[in-house]
Amino acid sequence: MEPVLSAAQPSTTPGVKSSFSADGSFGDFDFIVVSNRLAVDRVVDEHGESSWRRSPGGLVTALAPVMAKADGAWVGWHGAPDETLEPFDEANMRLVPVPLSAEEVELYYEGFSNATLWPLYHDVIASPEFHRTWWDSYRRVNERFAQATASVAAEGATVWVQDYQLQLVPKMLRQARPDLKIGFFNHIPFPPLEIYAQLPWRRQVIEGLLGADLIGFQRPSDASNFLRCVRRFKGYTIKAQQVQVPEGDDGVPAYASRAEAFPISIDTASITELAQRPDVIERSREIRRELGDPQHILLGVDRLDYTKGIGHRLKAYGELLEDGAITVEDAALIQVASPSRERVEQYRILREDIEGAVGRINGTHDTMKNTAIRYLHHSYPVEEMVALYLAADVMLVTALRDGMNLVAKEYVAARTGNTGMLVLSEFAGAADTLRQAILVNPHDIDGLKSAIVSAISMPKTEAMRRMRLMRRQVVHNDVERWSQAFLNALHAGSPEHGA
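S.K.: Before we move on, can you summarise the overall build of the chain with the specific residues and values?
M.R.: The helix and strand tally for the chain stands at 16 helices and 18 strands. Over its C-alpha atoms the chain spans a radius of gyration of 24 Å, differing by no more than 12% from the 23 Å that the globule rule assigns to 499 residues. The dimensions of the chain, computed from C-alpha atoms along their principal axes, are 75 × 55 × 40 Å. Relative to its 499 residues, the chain shows a buried fraction of 57%. Considering only intrachain contacts with a sequence separation of at least 6, the fraction spanning at least 24 residues in the chain is 72%. Roughly 20,200 Å² of accessible area belongs to the chain as shown, and the carbon and sulfur atoms make up 48% of that amount. A gap of 6 Å separates the mean positions of the 52 positive and 66 negative side-chain charges of the chain.

Structural data, given as C-alpha cells:
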C-alpha cells in the first residue's frame, strides 16, 4: 500500500494539524466540493476558441450559491485526458483541475468505477469485474484528488466529497488534515452486505468512507446496508447510525462518523419556469403534432444503461400492442436513450439489444402514418426535455435499480397543471417520496403492462389528485433544500431530512 502522503509532504501526528503545502501553510478556501468532474464544461466556438461554461447539472445548481457565499473551490477532472491545467476562476468559484492520463481514464474510471463498483452497487444486474490493476489505479487517483483538495482547503474548511468514484478520499483527507469537516454523499445505491461482500477491497472502501464525519445516502435502506457492512467487516460500535471509529495506527484520534439518508432532488424552480414558457409549451404541442396527435403519448428518458430497465419497458409496450390493449393509432412511446459509456463493451451490446427491440416492434406495428416507438439516441437541452415532459401523458420510469432517478421528479415538476401520470419502479429511490405514482416491479412484465393501462385509463380527477400531491412534495423538497439539509447536519451533528 502506497503512503497517502507523498514523501515531500509533512505527515500527520495526533493532535497536530497539517497540510499538503510544502511550507506547511493552509489553503484559502473555506468550502470545497470534490467530484469526479469539475462544475464546468469546455465549449469550442466556430472559430476554434475554447471557453468554459457552468455545467447544467442539479448538483452544480444547488451548490453554486454556497460557493459564491463561502469562498468556494471545486476539485475535479476537467474531462480531457493527458492534459494538465492550472487552477482557474469561473462562475464565481475556483476550479482546481485534477489531471488524469488516458490509462487512468481506462483503469480508474471505465474500469474500477464503472465496471467494478457500478454493477456491484446496482445489485449485480451485470457481472462486476475485479482486477487488481484497476484497484491500484483507483487508489492512486483518489490519492491525487485528496492531495489537490488538501492543498486548497483553509484551516477548518468544509469539504464535501461526491460519489462512488472517490470513496477513499475522506480517509485520506482525515489522515492529512484532521482539522477539516468532511462530508461524503453517495449518489448511487449502496448494496446489501451479501453483495458488497464480493468486493476484494471491501474493508479499504469502508475505511475510506468512514473518514467522513457524515456519509449521506439516497435511501434509509442504503444507509442501513452500509452500517451492516461496517459492523460485519470492521466490527466497530454503532449506535443510532453513528459509528465510533477508534484511534488508528495512522495517529488520527478516535472520532464518530454518521450514516444518514438525504434524498437528493432537482432545481424545481427552473423546471417549473421552463414549463410555463410560451415557446416550450408550443414546442410540446408541436411534438404531439409530429407524432400524428395520438390520444396518449408515453415517455421514457434514460441514460442508455442496463440499470434503467429500458428492455423491460419495451417488452411490456410491445406485448400491449400485440394484445390489442393499445394501438399505434391511439398511443405512441417516445424513448430518449442518451449515449453512455460507449467504449464499454456491455454498453455497446445493450445499445444493439435495445435498437433491435425497437426495430422489431416498429416493423410489426408501424403504419404509414403512425410509429409505435420514436427512439432517440441523443442528448437534448433542458428546454427540449421539458417540452417532452409536457407532451407526455404518461412517464415510464422502470429502473431495475436506481439511487434516486431525477427524471421522475423533473416530470412531476413540469406538470404545472397537475395532469399526467407517473409509472415508477419501486427500485428507484424516488419511490420513497413519490408515493402517489403507480409503483411497479419492472421484472413483472404483466404487472408493468397493467400499470401502463391503468395510467392511460385513470380518471382525470384521480390523476390530478395524485399529481398535485407529488408536485407538492417535489416543490417543497428541492435540490437547494437537500444541500442545506446535508450541510446543516454535517455541522450541527444531527440530520435535517428533506423528505
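S.K.: So what's going on with helix 6 (residues 202–209)? Which residues, and what values?
M.R.: Here helix 6 has its buried residues at Val205, Ile206, Gly208 and Leu209. Buried residues of helix 6, seen end-on, are gathered within an arc of 160° and therefore sit on one face of the element.

S.K.: Break down the sheet that holds strand 16 (residues 394–397) for me, with residues and values.
M.R.: If you trace the six strands from one edge of the open sheet to the other, you get 15-14-13-16-17-18, paired in parallel fashion. Single-partner strands in this sheet number two, and they are strand 15 (373–376) and strand 18 (438–440). On average, adjacent strands in this sheet sit at an angle of 20° to one another, irrespective of strand direction. Strand direction decides the pairing type here: strand 17 (residues 421–425) and strand 18, joined by three bridges, are parallel. Bridge pairing in strand 18 links Ser425 to Val440.

S.K.: Could you give me a rundown of the side chain of Asn362, with the residues and numbers involved?
M.R.: Position of Asn362 among the secondary structure elements: in helix 11 (residues 345–365). Every residue in contact with Asn362, bar those within four places of it in the chain, is listed here: Thr371, Ala372 and Ile373.

S.K.: Got a sec to walk through the pairing of strand 8 (residues 181–185)? Specific residues and values, please.
M.R.: Along strand 8, four of the five residues are buried, which leaves the element largely enclosed by surrounding structure. Examined bridge by bridge, strand 7 (residues 153–162) and strand 8 share five bridges and lie parallel to one another. Residue Val161 lies in a different strand from strand 8, and its bridge partner there is Phe184. Handedness of the β-α-β unit built from strand 7, helix 4 (residues 169–176) and strand 8 comes out right-handed. Of the strand pairs in this sheet, strand 8 and strand 9 (residues 214–217) are connected by three bridges, and their pairing is parallel. Paired with Phe185 across the bridge in strand 9 is Gly216.

S.K.: Give me the environment of Ala485: which residues, what numbers.
M.R.: Residue placement: Ala485 occurs in helix 16 (residues 479–492). Overall, Ala485 belongs to the buried group, its relative accessible area being 3%. Separated by 223 residues in sequence, Ala485 and Phe262 place their C-alpha atoms 7.7 Å apart.

S.K.: Give a description of the nonpolar core that names residues and reports values.
M.R.: In terms of nonpolar packing, the biggest core is built from 106 residues, with Ile32 and Phe226 touching the most fellow members. Judged by nonpolar contacts, the second largest core, of 67 residues, contains Leu38, Val280, Ala437 and Val474.

S.K.: Give me the pairing of strand 17: which residues, what numbers.
M.R.: Most of strand 17 is tucked away, with five of its five residues classed as buried. Here strand 17 shows no split at all, with Met421, Val423 and Ser425 on one side and Leu422 and Leu424 on the other all buried. Relative to strand 17, strand 16 is paired through four bridges, and the arrangement is parallel. Bridging from a neighbouring strand, Val394 pairs with Met421 of strand 17. For the segment spanning strand 16, helix 13 (residues 406–414) and strand 17, crossover handedness is right-handed.

Conventions adopted
- All residue numbers refer to positions counted from 1 along the written sequence of the respective chain.
- Local features in this predicted model are restricted to residues of pLDDT 70 or higher, and side-chain atom pairs are both shown and tallied only at a pLDDT of 80 or more, whereas totals for entire chains, interfaces and linings draw on every residue.
- As a rule here, side-chain values come from all non-hydrogen atoms in the structure, and water together with hydrogens is ignored.
- Per the convention used, a helix needs a DSSP run of H or I reaching at least four residues, while a strand needs a run of E reaching at least two, with both numbered from the N terminus.
- The reference for a compact globule is 2.2 Å times residues^0.38; the radius of gyration itself is calculated from the C-alpha atoms.
- Note on exposure labels: buried denotes an accessible area under 20% of the residue type's maximum, exposed denotes more than 50%, and partly exposed covers the range between, all computed with a 1.4 Å probe on protein chains only.
- Contacts are residue-level and defined by heavy atoms, with any inter-residue pair within 4.5 Å sufficient.
- Here the Shrake-Rupley method, with its probe set to 1.4 Å, supplies the accessible areas, and only the displayed protein chains count as covering residues.
- In summary, the charge assignment counts Lys and Arg as positive and Asp and Glu as negative, without counting His or the chain termini.
- Where a charge lies is defined by one atom per residue type, namely NZ (Lys), CZ (Arg), CG (Asp) and CD (Glu).
- Here the arc refers to the directions that run from the helix axis out to each C-beta atom.
- At least two DSSP bridges between two strands are needed for those strands to be called paired.
- For helices, the fitted line uses only the C-alpha atoms of the stretch in contact; every axis is such a line through C-alpha atoms, and the angle between N-to-C directions lies from 0 to 180 degrees.
- By definition, the crossover connecting two strands over a helix is right-handed if that path, from the first strand to the second, turns clockwise as seen with the strands pointing away from the viewer.
- To qualify as a nonpolar core, a set must consist of buried Ala, Val, Leu, Ile, Met, Phe, Trp, Tyr and Cys residues joined through side-chain atoms within 4.5 Å.

Without other data, these values stay purely geometric and don't point to any function.
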